[in-house]
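Working through the structure, step by step
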Amino acid sequence: MEEFRRAYSRLCQERGAEPQEAVLRRLQEPRRGRLDLATQSLTADTCRALGRLLQSQTLFTELVLSDCMLSEEGARLLLQGLCSNTVVRLLDLKGNNLCGMGAEVLGKLLRQNKSLQSLTLEWNNLGTWEEAFATFCTGLGANATLRQLDLRNNQVNHKGAEELALALKSNSSLQQLDLRWNNIGLLGGRALVNCLPSNRTLWRLELAGNNIPSDVLRAVEQAVDHNQDRQAAFRESQARTHMLSKEVHSLREEKSKQFLDLMETIHKQREEIAQSSRTSAARVGQLQDALNERHSIINALKAKLQMTEAALALSEEKAQDLGERLATAEQEQLSLSQKQSKERRLEQQEATERESKLLRDMSAASEKNLLLRNQVDELERKVKSQQEQLFLAKQELTNTAAELKLRAVQAEERLDAEKKRFKQSLEASEQLRIREVEHMARHVEESERALQERVQRLEAARLTLEEELSHVKAAALSERGQVEAELIKAKTQVRLEEQQRLAHLEEKLRLLAQARDEAQNACLQQKQAVAEAQARASQLSLQVDGLRQRLEELQQELSSKDQEKVVEVNRVRVELQEQIGHLQAELTAQDGLREKVAALERQLKVISGDHREALLDRESENASLREKLRLKEVEIARICEEEAQRASFLQNAVLAYVQGAPLRALSPHK
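Before going into details, it helps to say that this report is about the structure given with it. Source: prediction; values computed, not measured.

**Re the overall build of the protein chain**
On a plain count of helices and strands, the protein chain comes out with 13 helices and seven strands. Against the compact-globule benchmark of 26 Å for 670 residues, the protein chain has a radius of gyration of 62 Å, which places it well outside the compact range. If you line up the protein chain on its principal axes, its C-alpha atoms span 215 × 140 × 45 Å. Scored against the burial criterion, the 670 residues of the protein chain give a buried share of 30%. Relative to all contacts within the protein chain whose residues are 6 or more apart in sequence, the contacts with residues 24 or more apart total 81%. As presented, the protein chain carries roughly 43200 Å² of accessible surface, and 53% of it is formed by carbon and sulfur atoms. Charged side chains of the protein chain number 100 positive and 106 negative; the gap between the two group centres comes to 4 Å.

Printed below as a string of structure tokens:
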């Protein structure tokens, strides 16, 4: 706000004008999103600065400029700045006496501005210039954002109403239009009625104080109610569509969540399969390493066995050599004889020892060979068992791989099935939404047709009721004349028969006749008739109760006199019976009169209601005229003050001129 204030002061100073203090004070007041300059007299320089600032400002969404006494130039500069504004939603230009140029600039504003939703133009003169107002209506027809328009007291005539009707035919955003206290008349009202079937968004149209007949106002009200019902149905369909879209969105989110969960489970299964394959591969590697170690051990044992077998072969060869040597030695021993007996013995001993040693070595080697063979057998058995375990591990690995592949295939099949089901559900939901939208459209069309038929039926019923009302009024008037004639006859008969004995009854009947006359006179009045008719109806009921009580008293008196004079009592009884018959006829006539009074009361209520509405319209018209008169008086006073100021300025200037002239005459010449 402070930056806006400084920018306003800077722009005013650039133009060589002083910023208005009232505007600066209003700009200092912290009002969020609202610029209120009402009742401030804005100059053209201020309007130019504000127009330049409002072209690109984003602070204010509401701009109130009511009763600012804007000039044509100031209004043009200000509204041209608002043409490119994209933030202001509400504009109040009430009481600025905008005329031709203002209407044209407003039309340009409505054509170019894309954010304005509410426009108040009350107490201006836009309808005075027909061409300018036609430009304004053209801009209104091209606008697509305005929702509310106030054109009260703008001197709009029937031609302006026709231009407005053309604009309303092409406008698709305006919802509320106030045209009260203009000069639209019958032709303008009919033009507005003819344009309303083409407009489906306008649901509030105020036309009071325009000299429009009641039937045209009722037609406008019916069309506006029809649009209101259509808007309600459209909002309901939008709510249902929004609800269905929410449900479809929730279904999509749920399906996507299920799809993500399924993909996550598939990913987890794949990770488990990969982990199990890695563990099985590691286990197979470990088994292969163990098998290789066993093979190396077996190869080492085989090498040792070969070495032992080679040693055994060498020992056997040595034993053979020793045997050969022993044989040679025995031969030599046999040949040498006795000389070498000792040596032979020693050699035999040595040979026996060597033989025993060799035998021991052979036995140990054979034992070691058996042990090695046993170890080789054990190792072979272990190798076979390891090979069997390896085969089982490979088989288990192939089984797990096949099972994992089967699970992956099943998961992919489930995924494909879920995708198909999700697509089917989406298609079904889309078809359901389309069917719902078609159903709502058919419902709206049927409701429109039903409402049109209802309007036609109500119009026919109204005509028939008006005809019946006219017939009933004629019948009521005829019955009223007949009842009055019968009542006069009954009154004359009662007066002739009860001159002496029923004086009190005649007085009450006279009061009843007076009450009836007063009720008839009250039917001609407007406001006091209802209360007086009700009071007199209550008086009539009280009088009827008094008559009944009086009849009971007379019957009691007759019963008391019956004992004294039987003949007189019989005669009196006959007379009383006749009087009772007359009174009952009178009571039936009074009941008929009550019904007529009730019908007249209802008619009086209707007439008083119409008169009350007419009085309210007249009072509002008088109020508007008083307001106009007050404004004219204020303007006249302002003009008088301006004339007085001008006269005072002129007088001061003349006095100054007169006082300065002698001084210049007396001054010496150079």
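**Examining the nonpolar core**
Counting residues in hydrophobic clusters, the biggest one holds 69 residues, and the most contacted among them are Phe136 and Leu149. Leu149 has contacts with Leu119, Leu121, Phe136, Leu140, Leu174, Gln176, Leu177 and Asp178, leaving out every residue within four places of it along the chain. Among the nonpolar cores identified, the runner-up in size contains eight residues, and Leu287, Leu379, Leu390 and Ala393 belong to it.

**Side note on the sheet that holds strand E5 (residues 148-150)**
Here we have seven strands laid out as an open sheet, ordered E1-E2-E3-E4-E5-E6-E7, and parallel in their pairing. A strand with exactly one partner marks an edge of an open sheet, and here the two such strands are strand E1 (34-36) and strand E7 (204-206). Strand-to-strand twist of the sheet, defined as the mean angle between neighbouring strand axes without regard to direction, takes the value 0°. In this structure, strand E4 (residues 118-120) lies alongside E5, joined through three bridges in parallel fashion. When the sheet's bridge partners are listed, Leu119 is paired in E5 with Leu149.

**Considering unusual backbone geometry**
Although it is not a glycine, Trp123 sits at a positive phi angle of roughly 60°. Among the structural elements, Trp123 can be located in the loop between E4 and helix H6 (130-142). Relative accessible area serves as the criterion here: at 16%, Trp123 is assigned to the buried category. Of note, Asn153 is a non-glycine position whose phi angle comes to about 55°, a positive value.

**Some thoughts on a negative patch on the surface**
A cluster of acidic side chains, namely Glu332, Glu343, Glu347, Glu350 and Glu353, defines a negative patch on the protein surface. Relative to the helices and strands, Glu350 is located in helix H10 (residues 341-497). Owing to a relative accessible area of 39%, Glu350 belongs among the partly exposed residues under this scheme.

**What about the packing of helix H3 (residues 44-54) against helix H4 (residues 72-82)?**
At a closest axis distance of 7 Å, the pairing of H3 and H4 adopts a crossing angle of 5°. In terms of orientation, H3 and H4 fall into the roughly parallel class. Counting all contacts with H3, which are made through Ala44, Cys47, Arg48, Leu50, Gly51 and Leu54, the residues of H4 involved are Gly74, Leu77, Leu78, Gly81 and Leu82. Partitioned by chemical class, the residues of the contact of H3 with H4 number seven nonpolar, three polar and one charged.

**Considerations on the pattern of salt bridges**
In the structure shown here, the tally under the stated rule is 19 salt bridges. A salt bridge links Arg48 to Asp45, with the nearest nitrogen and oxygen atoms 3.1 Å apart. Of this pair, Arg48 and Asp45 both sit in helix H3, three residues apart, which is roughly one turn of the helix. The partly exposed category is assigned to Arg48, whose relative accessible area is 22%. Exposure remark for Asp45: the relative accessible area of 30% places this residue in the partly exposed category.

**Here's the deal with a positive patch on the surface**
Residues Arg325, Arg354, Lys357 and Arg360 make up a contiguous surface patch of positive charge. Relative to the helices and strands, Arg325 resides in helix H9 (residues 214-336).

**Description of the environment of Asn183**
Within the secondary structure, Asn183 is located in the loop between strand E6 (176-178) and helix H8 (185-195). Look at Asn183 and you get partly exposed, because its relative accessible area is 43%. For the pair Asn183 and Asn153, spaced 30 residues apart in the sequence, the C-alpha separation amounts to 8.9 Å. Residue contacts for Asn183: discarding those within four places in its chain leaves Gln155, Val156, Asn157, His158 and Asn210.

Rules used throughout
- Residues numbered from 1 in each chain as written.
- Predicted model: local features only at pLDDT ≥ 70, side-chain atom pairs only at ≥ 80, totals over all residues.
- Heavy atoms only, no water.
- Helix = DSSP H or I, 4+ residues; strand = E, 2+ residues; numbered from the N terminus.
- Rg over C-alpha atoms; globule rule 2.2 N^0.38 Å.
- Buried < 20%, exposed > 50% of the residue type's maximum accessible area, 1.4 Å probe, protein only.
- Contact = heavy atoms within 4.5 Å.
- Areas by Shrake-Rupley, 256 points an atom, 1.4 Å probe, with all protein chains shown as cover.
- Lys, Arg positive; Asp, Glu negative; His and termini not counted.
- Charge placed at Lys NZ, Arg CZ, Asp CG, Glu CD.
- Core = buried A, V, L, I, M, F, W, Y, C linked by side-chain atoms within 4.5 Å.
- Pairing = 2+ DSSP bridges.
- Axes fitted to C-alpha atoms, helices over the stretch in contact; angles between N-to-C directions.
- Patch = residues over 30% accessible without salt bridge, like charges linked within 9 Å, V, L, I, M, F, W, Y side chains within 5 Å.
- Salt bridge = Lys/Arg side-chain N within 4 Å of Asp/Glu carboxyl O.
- Parallel < 35°, antiparallel > 145°, perpendicular 65-115°, else oblique.
- Nonpolar A, V, L, I, M, F, W, Y, C, P; charged D, E, K, R; others polar.

So yeah, pure geometry; function would need other evidence.
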